[in-house]
Amino acid sequence: MRIHVTPVRRLRGEVTVPGDKSISHRAALFGALAAGRTEISGFLEGEDCLATLKAVRALGVEVIRKGAGHYLLDGGGLAALVEPDDVIDCGNSGTTARLLIGVLAAQPFWSVLTGDASLRRRPMDRVSAPLRQMGATVVGRQGGSRLPLAVTGTRPLRALRFVSPVASAQVKTAVLLAGLWADGPVTVEEPAQSRDHTERMLGAFGAHLSIAGRTVTLHPGGQLRGQAVSVPGDVSSAAFFLAAAAAGPDAAVTVKGVGVNPTRTGLLDVLAQMGARISRQESGLGLGATAAEPAADLRVTSSALRGTVVRGPLIPRLIDEIPALAVTACVAEGVTEIRDAAELRVKESDRIHAIAAELGRMGARVSERADGLQIHGGTRLRGATVSSGGDHRMAMALVVAGLLADGETVVEDTDCIATSFPGFLDTLNALAGAPCARVSA
Ligand code: S3P
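In what follows, the accompanying structure is described. Starting afresh in each chain, residues are numbered from 1 along the sequence in its written order. Only residues with pLDDT of 70 or above have their local features reported here, since the model is predicted, and side-chain atom pairs are shown and tallied only from 80 upward, although totals for entire chains, interfaces and linings are computed over all residues. Just so you know, side-chain values use all the structure's heavy atoms and leave hydrogens and water out.

## Considerations on the overall build of the protein
Threshold: We count a stretch as a helix when DSSP gives it H or I for four or more residues in a row; a strand needs E for two or more, and each element gets its number in order from the N terminus. Radius of gyration here uses only the C-alpha atoms, and the compact-globule reference equals 2.2 Å multiplied by the residue count raised to the power 0.38. Buried residues are those whose accessible area, probed at 1.4 Å on protein chains only, stays under 20% of the maximum for their type, while exposed residues exceed 50% and partly exposed ones sit between those limits. Every residue pair with non-hydrogen atoms within 4.5 Å of one another is taken to be in contact. The method behind every accessible area is Shrake-Rupley, applied with a 1.4 Å probe, and residues are considered shielded solely by the protein chains displayed. Only four residue types enter the charge count, namely Lys and Arg as positive and Asp and Glu as negative; His and the chain termini do not. Charge coordinates come from a single atom per side chain, which is NZ of Lys, CZ of Arg, CG of Asp or CD of Glu.
In terms of regular secondary structure, the protein is built from 14 helices and 24 strands. At 21 Å, the protein has a C-alpha radius of gyration in line with the 22 Å of a compact globule built from 441 residues. If you line up the protein on its principal axes, its C-alpha atoms span 60 × 45 × 40 Å. Among the 441 residues that make up the protein, the fraction classed as buried is 61%. A fraction of 75% describes how many contacts in the protein between residues 6 or more apart in sequence connect residues 24 or more apart. For the protein, the computed accessible surface area is about 15100 Å², with 51% contributed by carbon and sulfur atoms. Separation between the mean location of the 46 positive side-chain charges and that of the 43 negative ones in the protein comes to 3 Å.

This is the structure in structure tokens:
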């Protein structure tokens, strides 16, 4: 499917976005490990999170869909999972694969995980290495570093103090989850703080955690209990509209009920630093296990933007928003430097290369760095044919670029948007007040 985008003259209104992807994955997985009922509302019914639900069903957990985004899971506790009778397909979802490997490392059975072509290229040794140190057997392609991977779990796993070379919430979560079945404390130390949904939610489900700065320890012996989870809107999906509104003409956009956990809101800080007029009104807390996940209504209006420097501990706080941020940087006056972001090369695509190449086709002056991008802003983008390379966040960022460009932009390979944001185009067209983005085969 390709999307034809015409520039917008205005972008106005109030919208909601689907549930947070990271919180939805965790709600499904923690609910599957908990004893008793977990009731999730606002679950993201995108392909990635549906892959997690399918996986927990394959592991023997009953999952009932009550309505849109509303699920009941009846978990049997930490000893109840059963050997899946087929390969588990994680699709495009790195979170599904990495979090599951952590759980499977402690299950007394054999399981095999695979994924689509993009996921099969992504590094898995960052989770399999510490899990092997804990006693699990993880084997697969390229020395057990690429899917398909086979996992034979063992119980108990050995206690571990793991100093992670990357600031990755997926790695942190996989190791902490394995710690639920360890014979002593399991500690993960990160080089920079990554998103902390696991710490907040696992604690609410009943796990014993202690946190000191960038170090988290899971103490074994806790039992998880089913919870009510209300998932806030995904700030990573809201990002596309916030970026479009900040950079576009005649824009005033409010995105309601967005998760504003501070480990996820780096984009808001950077847009403000670039001169965007952005305000937030707290809209309460999620229920149950997301009680500690704040939500807010976010409002952005057209602003004169200037370039900025984005690096260091800010990077994990906006890692998924960099494609959208790069588009605003093209419009901003001056230079934007994005550094310390080499992780972008191992996302759903090599996003450093993809951003430079595709925005380059639209006349942007973007150069690749090994660990980031340099963007010379202030050039008018021009419509062109560009491709997402099968990466959902690239697809949506390129649609936003098309809104700000002269002439028509065609974004190819856009089915992937359904992995995280079904309904993206309808929401965008509603804000534009007229169809600015339409689909062709
Ligand atoms: C996620 C963590 C991040 C992020 C991904 C979701 C999570 O990945 O990019 O979209 O839910 O834990 P890394 O852990 O690889 O940084």
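After presenting the structure, the write-up continues.
## A closer look at the pattern of salt bridges
Where we set the bar: Take a side-chain nitrogen of Lys or Arg and a carboxyl oxygen of Asp or Glu: if they are within 4 Å of each other, that pair is a salt bridge.
This structure, assessed with the given rule, holds 30 salt bridges. For Asp391, the salt bridge is made with Arg351, and the minimal N-O distance between the two is 2.8 Å. Residue Asp391 is located in the loop between strand 22 (385-387) and helix 13 (392-403), and its partner Arg351 is located in helix 12 (residues 351-361); the two are separated by 40 residues in the primary sequence. Asp391 gets classed as buried once you look at its relative accessible area, which sits at 0%. Assessed through its relative accessible area of 0%, Arg351 is described here as buried. Close ionic contact of Glu408 with Arg438 constitutes a salt bridge, the shortest N to O distance being 3.9 Å.

## Considering the packing of helix 1 (residues 21-33) against helix 7 (residues 169-179)
The condition is simple: What counts as an axis is a line fitted to C-alpha atoms, over the stretch in contact for a helix, and the angles between N-to-C directions run from 0 to 180 degrees. Here the angle decides the label: under 35 degrees means roughly parallel, over 145 means roughly antiparallel, 65 to 115 means roughly perpendicular, and every other value means oblique. Polar here means any residue outside two lists: the nonpolar Ala, Val, Leu, Ile, Met, Phe, Trp, Tyr, Cys and Pro, and the charged Asp, Glu, Lys and Arg; Gly therefore counts as polar.
As a packed pair, helix 1 and helix 7 sit with axes 13 Å apart at the nearest point and diverge in direction by 5°. As summarised for this structure, helix 1 and helix 7 are arranged roughly parallel, according to the angle between their axes. Residue-level contacts link Arg26, Leu29, Phe30 and Leu33 of helix 1 to Ala169, Thr173 and Leu177 of helix 7. For the contact of helix 1 with helix 7, the class distribution of residues is 5 nonpolar, 1 polar and 1 charged.

## Brief notes about the side chain of Ser420
The criterion, for reference: Whenever a nitrogen or oxygen atom comes within 3.5 Å of another N or O atom, the pair is scored as a polar contact, on the condition that within protein one atom can donate a hydrogen and the other can accept it, and that pairs from neighbouring residues in sequence are kept only if both atoms are in side chains.
Position of Ser420 relative to the elements: it lies in the loop between strand 23 (409-412) and helix 14 (424-432). A relative accessible area of 1% places Ser420 in the buried class. Polar contacts involving the side chain of Ser420 include one to the side chain of His392, which spans 2.7 Å. Aside from chain neighbours lying at most four places away, what touches Ser420 is Lys21, Leu44, Ser237, His392, Arg393 and Met396.

## A short note on the packing of aromatic side chains
We count it as follows: Under the pairing criterion, centres of Phe, Tyr and Trp rings, with the six-membered ring standing for Trp, must be within 6.5 Å; the plane angle then separates stacked pairs below 30 degrees from edge-to-face pairs above 60, leaving the rest tilted.
Tallying each qualifying case throughout the model produces 6 aromatic pairs. Relative to Phe421, the ring of Phe241 has its centre 5.8 Å away and its plane inclined at 80°; by these criteria the two rings are edge-to-face. In this pair, Phe241 is assigned in helix 9 (residues 235-247) and Phe421 in the loop between strand 23 and helix 14, connecting sequence segments 180 residues apart. Assigned by exposure class, Phe241 and Phe421 land together as buried. Ring centres of Phe421 and Phe424 lie 5.4 Å apart, and the angle between their planes is 65°; on these two criteria the pair is classed as edge-to-face. The class for Phe421 is buried, based on a relative accessible area of 1%. One aromatic cluster is present, built from ring pairs that chain together Phe240, Phe241, Phe421 and Phe424.

## Here's the deal with the site of the ligand
What counts here: Note on definitions. A residue lies near a molecule or strand when any single heavy atom of the residue is within 4 Å of it. Domain borders in the structure are assigned automatically or taken from a domain database.
Neighbouring the ligand are 13 residues, the closest being Ser22, Arg26, Ser168, Asp320 and Lys347. A distance of 2.7 Å separates an oxygen atom of the ligand from a polar side-chain atom of Arg26. Here an oxygen atom of the ligand and a side-chain polar atom of Lys347 are 2.7 Å apart. Among the elements that make up the shell around the ligand, the one with the highest residue count is helix 1 (3 residues). Residue composition of the shell around the ligand, by class: 3 nonpolar, 4 polar and 6 charged. Counting contributing residues, the shell around the ligand receives three or more from each of domain 1 (2-19 + 233-440) and domain 2 (21-230).

## Comments concerning the sheet that holds strand 3 (residues 35-41)
Operational definition: Any two strands are treated as partners once DSSP identifies two or more bridges connecting them.
In spatial order, the strands read 4-5-3-14; together these 4 strands make up an open sheet with mixed pairing. The strands lining the two open edges of the sheet, one partner per strand, are strand 4 (62-67) and strand 14 (228-230). Direction aside, the axes of adjacent strands within the sheet are offset by 20° on average. Note: strand 4 against strand 5 (residues 70-76), 5 bridges, orientation antiparallel. Considered in strand 5, the bridge of Ile64 is made with Leu72. The strands that helix 2 (residues 47-58) touches are strand 4 and strand 5; relative to strand 5, the one it contacts most, it runs at about 30°.

## Remarks on helix 12
Among the residues making up helix 12, those that are buried are Arg351, Ile352, Ala354, Ile355, Ala356, Glu358 and Leu359. Turning to helix 12, the residues buried within the fold contact helix 11 (322-331), strand 20 (365-369), strand 21 (372-376), strand 22 and helix 13. N-capping of helix 12 is provided by Asp350, with a side-chain oxygen placed 3.2 Å from the backbone N of Ile352.

## Structural notes on the sheet that holds strand 1 (residues 2-5)
Read from one edge to the other, the open sheet built from 4 strands follows the order 22-23-1-24, with strand pairing classed as mixed. Bordering the open sheet on either side are strand 22 and strand 24 (437-440), each of which pairs with just one other strand. Direction aside, neighbouring strands of the sheet carry axes that sit 25° apart on average. Here strand 1 pairs with strand 24 via 4 bridges, running antiparallel. By the bridge assignment, Val5 is partnered in strand 24 with Ala437.

Bear in mind that shape data such as this cannot, by itself, settle questions of function.
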